[in-house]
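Residues per chain, in single letters:
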Amino acid sequence: MGVHGVKAVFFDLDNTLVDTAAAGRRAIEEVLPLVMSALQAKHRYSEGEARAICDKVQAKLLKECHDPAKICITDLRISHWEEAIQETMGGEANRNLAAECYFLWKSTRLQHLTLAEDTRDMLTELRKRVRLLLLTNGDKQTQREKIEACGCQPYFDAIVVGGEQKEEKPAPSIFHHCCDLLGVQPAECVMVGDSLDTDIQGGLNAGLKATVWLNKAMTTPADISPVPHYIISSVLDLPAILQKMEHKINAKLGTDHTASNNG
C-alpha cells in the first residue's frame, strides 16, 4: 500500500475472524452430556428435559442484550441457565445448578474458538504492508478471554475492546481512538466486519476510507442499509479488495498527474 493508499485495517472479532456462533453451538452439543449427567445425577431430569434446557439457553444467547452498567455478563448468562431450567422443570430457581451448567458451557466454547491457519497466514502477510487492529464490542472479561483463547494477539498492532471504552461501535469515538493508537487518519483506514449495524455503520460514522461487510450467506437484500463499500463472503477475500482499492487510487493519481501536466 502506497503513501496515498490504505495504512490500517480494523477487524471485528466475533463471526468475522473467529466463528463464535459455531463455537457456541458446538459447545452446547458437547456440553449436553455433561449437563445431562449433572441434571440427571442430582435432579433425575430426563435426556429430553436436559436437551430442552440447552435449546432454551441457545435461544436466549441469540436474543441476548447486555448492559454492563446493570449486570455483569457472568451473572446474565447464569440467569439464562437458571431461567431455562425453571421454564422447563418448574419449581424453585436453582442458581448453583445453573452456574455449574454455565461454566461447563463457557469452558467448552473457549476450547472451540480458533483463528484458522489460513486466516493467520492472511493476517501475517497483510501486516507486512499495513497496520492491523482488532476492534471488538462486548464485555471486557468475555472478549479478553476469547482473544486469549484463539491466540490472535501476535497478529495485531493494537487490540481495542468496546467494554473498556466510553462508547462501543458504531460510535465514531471508538474508531477515532483506534486511529490515534495507530497514528493514522480515518481516511486511511478500512473496517472489516459482519455486522451492518456496528461495523459498517460505525466505519461510515467515523469517516473511514472504506467499509467491508463480511456476508457469508452472500444473499444481499435489495434495500441493504447501511450500504458498505465492499461485500465479501470470506475474510480471505480481503487482500483482493485492498488490491482493487490500491489500483483505483493509483489510476486516479495517474489521471490527476496527466491532467496537471496538460493544464
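Residues numbered from 1 in each chain as written. Predicted model: local features only at pLDDT ≥ 70, side-chain atom pairs only at ≥ 80, totals over all residues. Heavy atoms only, no water.

Q: Kindly report on empty space enclosed by the protein, identifying the contributing residues and their values.
A: Under the defined criterion, the tally for this structure stands at one cavity of 30 Å³ or more. The computed volume of the largest cavity comes to approximately 60 Å³. Lining the largest cavity, in full, are Arg 77, Tyr 102, Trp 105, Lys 106, Arg 109, Leu 110, Thr 142, Glu 145 and Lys 146. Mapped onto the lining of the largest cavity, the elements with two or more residues apiece are α4 (95-112) and α6 (140-150). In terms of residue count, the dominant contributor to the lining of the largest cavity is α4 (five residues). A domain-level breakdown of the lining of the largest cavity finds at least three residues from each of domain 1 (8-18 + 114-260) and domain 2 (20-112). (1 Å grid on protein atoms, 1.4 Å probe; cavity = no way out; pocket = protein on both sides within 12 Å on 5 of 7 lines; lining within 4 Å. Points joined across faces, edges and corners; volume = space filled by probe spheres on them. Helix = DSSP H or I, 4+ residues; strand = E, 2+ residues; numbered from the N terminus. Domains from an automatic or database assignment.)

Q: Pulling in residues and values, what's your account of the pairing of strand β1 (residues 8-11)?
A: If a strand is regular, its side chains alternate between the two faces of the sheet. Here β1 shows two buried faces, one formed by Ala 8 and Phe 10 and the other by Val 9 and Phe 11. Judged from the four bridges that link them, β1 and strand β4 (residues 189-193) form a sheet pairing that is parallel. Within β4, the residue paired with Phe 11 across the bridge is Val 192. (Buried < 20%, exposed > 50% of the residue type's maximum accessible area, 1.4 Å probe, protein only. Pairing = 2+ DSSP bridges.)

Q: Now, about the sheet that holds strand β6 (residues 230-232): what can you tell me, with residues and values included?
A: An order of β3-β2-β1-β4-β5-β6 is seen for the six strands of this open sheet, with the pairing classed as parallel. At either end of the open sheet lies a strand with only one pairing partner, and these are β3 (158-161) and β6. This sheet shows a mean twist of 20° between the axes of neighbouring strands, independent of strand direction. Where strand β5 (residues 210-214) lies against β6, three bridges are found, and the strand directions are parallel. (Axes fitted to C-alpha atoms, helices over the stretch in contact; angles between N-to-C directions.)

Q: I'd like a rundown of the environment of Gly 203, residues and numbers included.
A: Relative to the elements of secondary structure, Gly 203 occurs in helix α8 (residues 196-205). Excluding its chain neighbours within four sequence positions, the residues that come into contact with Gly 203 are Phe 175, Leu 208 and Thr 211. (Contact = heavy atoms within 4.5 Å.)

Q: An account of helix α5 (residues 117-126) is needed here, citing residue identities and associated values.
A: The set of residues buried in α5 consists of Thr 119, Met 122, Leu 123 and Leu 126. Looking down the long axis of α5, one finds its buried residues gathered within 95° of arc, a one-sided arrangement. (Arc of directions from axis to C-beta.)

Q: Can you explain the side chain of Asp 12? Please cite residues and give values.
A: In this structure, Asp 12 sits in the loop between β1 and α1 (20-43). Exposure remark for Asp 12: the relative accessible area of 6% places this residue in the buried category. Here the side chain of Asp 12 touches Lys 169 through a polar contact of 3.0 Å, side chain to side chain. Excluding residues that lie within four positions of it along the chain, Asp 12 makes contacts with Leu 17, Leu 134, Leu 135, Thr 136, Lys 169, Met 191, Val 192, Gly 193, Asp 194 and Asp 199. (Polar contact = N/O pair within 3.5 Å; in protein donor to acceptor, adjacent residues only side chain to side chain.)

Q: Describe the pattern of salt bridges, listing the residues and the values that go with them.
A: Note on pairing: side chains with opposite charge can pair once their charged atoms come close. Tallying each qualifying case throughout the model produces 15 salt bridges. In this structure, Lys 60 engages Glu 87 in a salt bridge whose closest nitrogen and oxygen atoms are separated by 2.9 Å. Of this pair, Lys 60 sits in helix α2 (residues 47-62) while Glu 87 sits in helix α3 (residues 73-89), and the two are 27 residues apart along the sequence. With a relative accessible area of 16%, Lys 60 lands in the buried category. Owing to a relative accessible area of 47%, Glu 87 belongs among the partly exposed residues under this scheme. Here Lys 169 makes a salt bridge to Asp 199, at a shortest N to O gap of 2.7 Å. (Salt bridge = Lys/Arg side-chain N within 4 Å of Asp/Glu carboxyl O.)

Q: Account for the domain arrangement of the chain, with residues named and values stated.
A: For the chain, the assigned domains are domain 1 (8-18 + 114-260) and domain 2 (20-112). Between the C-alpha centres of domain 1 and domain 2 the distance comes to 32 Å. Across the boundary between the two partners, domain 1 contributes ten residues, which contact eleven residues of domain 2. Of the charged contacts, one joins Glu 145 and Lys 106 as a salt bridge, the two residues approaching to 3.0 Å between their closest N and O atoms. At the surface where domain 1 touches domain 2, the tally comes to six residue pairs in polar contact (both at pLDDT 80 or more).

Q: Could you give me a rundown of the pairing of β3, with the residues and numbers involved?
A: Bridging between strand β2 (residues 131-136) and β3 involves four bridges; their strand directions are parallel. The residue bridging Leu 133 from the neighbouring strand is Ala 158, located in β3. With α6 bridging β2 and the parallel β3, this β-α-β connection has right-handed handedness. (Right-handed = clockwise from strand over helix to strand, strands pointing away.)

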